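The lines below spell out each chain.
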Amino acid sequence: MLASRGWASEGSPPATAKYVMIAAPHTSNWDFVYLVALGWLHGLDFSVMMKHSLFRGPLAWLLPKLGAIPIRRDRRANMVEQMADAYAERDELILIVPAEATRSPAEYWKSGFYQIARAADVPVVLGFLDFERRRGGFGPELRLTGDVKVDMDEIRKFYTDIKGKHPQNFGQIRLKEENEPL
């Protein structure tokens, strides 16, 4: 599918079996389609978080097969703890997180990717889709230091020249927590 549309893959998936992968820029519904195609190209099984209430009826068996992980919002354990538990229970887990959490410009990225990676003690991989160059793939693997500003400076540096399908919708690459501790 990628080659037929003029796309190519760049970078290689990390050798590690567990990581959080940022999916950015997230400016179009096409992002998910290309990301899944990249995963198939590399033989990877990506996972995404979805609210548990979607796992009913015919979706109850389909969503897990597509890599969806149910997240309970009605339990005392928060999303970060639930995902850290999921990493502890599995031998392999590649969690895809669209850090912007929207296809529209956002003032801040959501810090869930950061908090999950720290709690599960797994690296963050900088995944990307560059619609201008028709390239998608894997950037560097980062071990987060806990210094949010320093870590986010590395992330900002990587995404500087990458263009989403609708570049005007790619918001600022920053977390609210850069000015305060997590």
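Scroll up for the structure.
Note that the structure is a prediction, hence the values are computed from the model and not measured. (Residues numbered from 1 in each chain as written. Predicted model: local features only at pLDDT ≥ 70, side-chain atom pairs only at ≥ 80, totals over all residues. Heavy atoms only, no water.)

Participant: In this structure, what is going on with the overall build of the chain? I would like to understand it.
Facilitator: Scanning the chain from N- to C-terminus turns up 5 helices and 7 strands. Against the globule reference of 16 Å for 182 residues, the chain gives a C-alpha radius of gyration of 16 Å, in line with a compact fold. Summarising its shape, the C-alpha atoms of the chain cover approximately 45 × 40 × 30 Å along the three principal directions. Within the chain, buried positions represent 44% of all 182 residues. (Helix = DSSP H or I, 4+ residues; strand = E, 2+ residues; numbered from the N terminus. Rg over C-alpha atoms; globule rule 2.2 N^0.38 Å. Buried < 20%, exposed > 50% of the residue type's maximum accessible area, 1.4 Å probe, protein only.)

Participant: Explain the layout of surface pockets to me, please; I cannot follow it from the model alone.
Facilitator: Unoccupied space between atoms shows up once a probe the size of one water molecule is rolled over them. Its volume calculated, the second largest pocket comes out at about 580 Å³. Along the walls of the second largest pocket sit 29 residues, with L44, D45, F46, S47 and G67 positioned nearest its centre. Those elements giving two or more residues to the lining of the second largest pocket turn out to be α1 (30-41), β3 (46-51), α2 (59-65), β4 (68-71) and β5 (93-97). At 5 residues, α1 tops the list of elements feeding residues into the lining of the second largest pocket. In terms of residue class, the lining of the second largest pocket is built from 21 nonpolar, 4 polar and 4 charged. (1 Å grid on protein atoms, 1.4 Å probe; cavity = no way out; pocket = protein on both sides within 12 Å on 5 of 7 lines; lining within 4 Å. Points joined across faces, edges and corners; volume = space filled by probe spheres on them. Nonpolar A, V, L, I, M, F, W, Y, C, P; charged D, E, K, R; others polar.)

Participant: Can you walk me through the packing of aromatic side chains in this structure?
Facilitator: For any two aromatic rings, the description comes down to two numbers: the centre-to-centre distance and the angle of the planes. Under the defined criterion, the tally for this structure stands at 8 aromatic pairs. Centre to centre, the rings of W7 and Y34 are 4.5 Å apart; their planes meet at 25°, and the pair counts as stacked. One end of the pair, W7, is in the segment before β1 (8-10); the other, Y34, is in helix α1, and 27 residues separate them in sequence. Among the residues examined, Y34 registers a relative accessible area of 6% and is labelled buried. Where Y34 meets F131, the ring centres are 5.6 Å apart and the plane angle is 90°; that geometry is what we call edge-to-face. A residue pair is termed long-range when its members are at least 10 positions apart, and Y34 in helix α1 and F131 in the loop between β6 (124-130) and β7 (135-142) qualify at 97 residues. Here Y34 matches F131 in class, with each residue buried. (Phe/Tyr/Trp six-rings, centres within 6.5 Å; stacked < 30°, edge-to-face > 60°.)

Participant: Looking at this model, I keep getting lost on the sheet that holds β5. Mind explaining?
Facilitator: The pairing of strands in a sheet comes from backbone hydrogen bonds and takes either a parallel or an antiparallel form. If you walk across this open sheet you meet the 7 strands as β1-β7-β6-β2-β5-β3-β4, and the pairing is mixed. Edge positions in the sheet fall to β1 and β4, since each of these pairs with one other strand and no more. Adjacent strand axes in the sheet meet at a mean angle of 30°, parallel and antiparallel pairs treated alike. Along the sheet face, helix α5 (residues 148-159) touches β2 (18-24), β6 and β7 and points at about 25° away from the line of β6. (Pairing = 2+ DSSP bridges. Axes fitted to C-alpha atoms, helices over the stretch in contact; angles between N-to-C directions. Contact = heavy atoms within 4.5 Å.)

Participant: Teacher, can you tell me more about the nonpolar core here?
Facilitator: It is characteristic of soluble globular proteins that their nonpolar side chains tend to be buried jointly. If you look at the biggest cluster of nonpolar residues, it comprises 34 residues, and the most contacted ones within it are I22, W109, F113, I155 and Y159. Of all elements in the fold, only β2, β4, α3 (79-89), β5, α4 (112-120), β6 and α5 reach the threshold of two or more residues within this core. Excluding its chain neighbours within four sequence positions, the residues that come into contact with Y159 are I22, A24, W109, L126, G127, F128, F170 and I173. One finds M21, V48, A68 and I94 within the second-largest nonpolar core, a separate group that totals 14 residues. (Core = buried A, V, L, I, M, F, W, Y, C linked by side-chain atoms within 4.5 Å.)

Participant: When you look at the pairing of β4 in this model, what are you seeing that I'm missing?
Facilitator: Two faces, one strand: in a regular strand the side chains alternate between the faces of the sheet. Bridging between β3 and β4 involves 4 bridges; their strand directions are parallel. Note on β4: the bridge partner recorded for M49 is I69. Crossover handedness for the path β3 to α2 to β4: right-handed. (Right-handed = clockwise from strand over helix to strand, strands pointing away.)

Participant: How should I be thinking about α1 in this particular structure?
Facilitator: Taking 1.5 Å of rise per residue, the 12 residues of α1 would be expected to cover 16 Å, and the 17 Å separating its terminal C-alpha atoms lies within 8% of that figure. Burial in α1 covers these residues: D31, Y34, L35, A37, L38 and G39. Residues of α1 that are buried sit in contact with β1, β2, β3, β5, β6 and β7. Trailing α1 by a residue or two, G43 shows a phi angle of about 70°, which is positive. (Expected span 1.5 Å × (residues − 1).)

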